[in-house]
Amino acid sequence: MRSLLVARVKEGRCTERAEVKKLVLQLVFGVIVFPAMLTGSLYYLNSIGFFNLTAVEVSVENLPVGQEQFLEPLVTDLKSSLEKYKNVSLWKLPLKRISSEVASENWIMNLNVKRSWPTTLSVRIQPHEVKLLLMSKGGKLTPIIKEGQMLNPVDSRQAPDVALVEGDAFEKNPELRKKAVAVIEQIPDVGPFSKKTIAEIRHNKNEGFWMTLVKSGITVKMGEEQVALKASRVSQVVEYLENRQFEARVIDANLSKKVLVRLRKGP
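Read on for an overview of the structure. (Residues numbered from 1 in each chain as written. Predicted model: local features only at pLDDT ≥ 70, side-chain atom pairs only at ≥ 80, totals over all residues. Heavy atoms only, no water.)

## Topic: unusual backbone geometry
Here's step 1: That bond from W117 to P118 is cis: its omega, 10 degrees, falls within 30 degrees of zero.
Here's step 2: Note on placement: P118 falls in the loop between β2 (108-116) and β3 (120-127).
Here's step 3: One non-glycine residue with positive phi stands out, namely N62, at about 55 degrees.
Here's step 4: Here N62 shows up in the loop between β1 (55-60) and α2 (68-81). (Helix = DSSP H or I, 4+ residues; strand = E, 2+ residues; numbered from the N terminus.)

Below is the structure:
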């Protein structure tokens, strides 16, 4: 009986030693051998160009409505400028430099640049929304974004569908452009009197901002204060005029509590 007990103890110790040895081998493989094999495989794949950049993807987020024709050539040019990094290993891509290059484009508000394994550079951008379009004396069209900042001029085919401002005052005075942007942002996006119904915005030192409507050619005196409230009143007036087929020449909303309408005289 005693010899049998001793034999079982020895057998248990052998089993325990075998389990410990197995665990140690697993740890060695997991900590040393496998990482070394993985590193070697990645190094080999990289050396034969497996991770070389073959595609540049540029995606636009929060695309402003009606500004597709303005952004399309800009996105195309940006993508073309990043083609120079093709055939560079994703491991060696200078992401900081690429991010700086993309951020230098004044039409881009936010961006995200990352590697998309195994062979793609992914660039996500959020563009500035063009608020107004400045027309200079030479017919040059310059998009205006928030804070009245001007972007690079565009041709008429690329121009976004926004209201025009015209004259040296807007071109030379950034504060006036900033005011104009603040005014247009208080106009509703839809309705009888909205951003899309305004063809042109002008400014007078004494009376503030004037607006010309696309469809009717009516001039709307808006001033510079309480624009949202005045816009609501003008919208009601425009709807009233349209429903009764009255032709107005001027809608003066630059008054304290009322809107004055001047009708067109008959032929």
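## Some remarks on the nonpolar core
Here's step 1: Counting residues in hydrophobic clusters, the biggest one holds 30 residues, and the most contacted among them are L132, F193, I198, I201, M211 and V220.
Here's step 2: Breaking this core down by element, the ones donating at least two residues are β4 (132-135), α5 (174-184), β7 (198-204), β8 (208-213), β9 (219-223), α6 (227-243) and β10 (248-252).
Here's step 3: The element contributing the most residues to this core is α6, with six residues.
Here's step 4: Excluding residues within four positions of it along the chain, I198 makes contact with A163, I184, I187, F193, M211, T212, L213 and V214. (Core = buried A, V, L, I, M, F, W, Y, C linked by side-chain atoms within 4.5 Å. Buried < 20%, exposed > 50% of the residue type's maximum accessible area, 1.4 Å probe, protein only. Contact = heavy atoms within 4.5 Å.)

## Overview of the sheet that holds β3
Here's step 1: Spatial ordering of the open sheet is given by β1-β3-β2, a layout of three strands whose pairing is mixed. On the outer flanks of this sheet lie β1 and β2, each paired with one strand and no other. Between one strand axis and the next, the sheet turns through 15 degrees on average, direction left out of account.
Here's step 2: Sheet analysis places β1 next to β3, joined by six bridges and oriented parallel. When the sheet's bridge partners are listed, V60 is paired in β3 with I125.
Here's step 3: On top of the sheet, helix α3 (residues 95-103) reaches β2 and β3; it is set at about 155 degrees to β2, its chief contact. (Pairing = 2+ DSSP bridges. Axes fitted to C-alpha atoms, helices over the stretch in contact; angles between N-to-C directions.)

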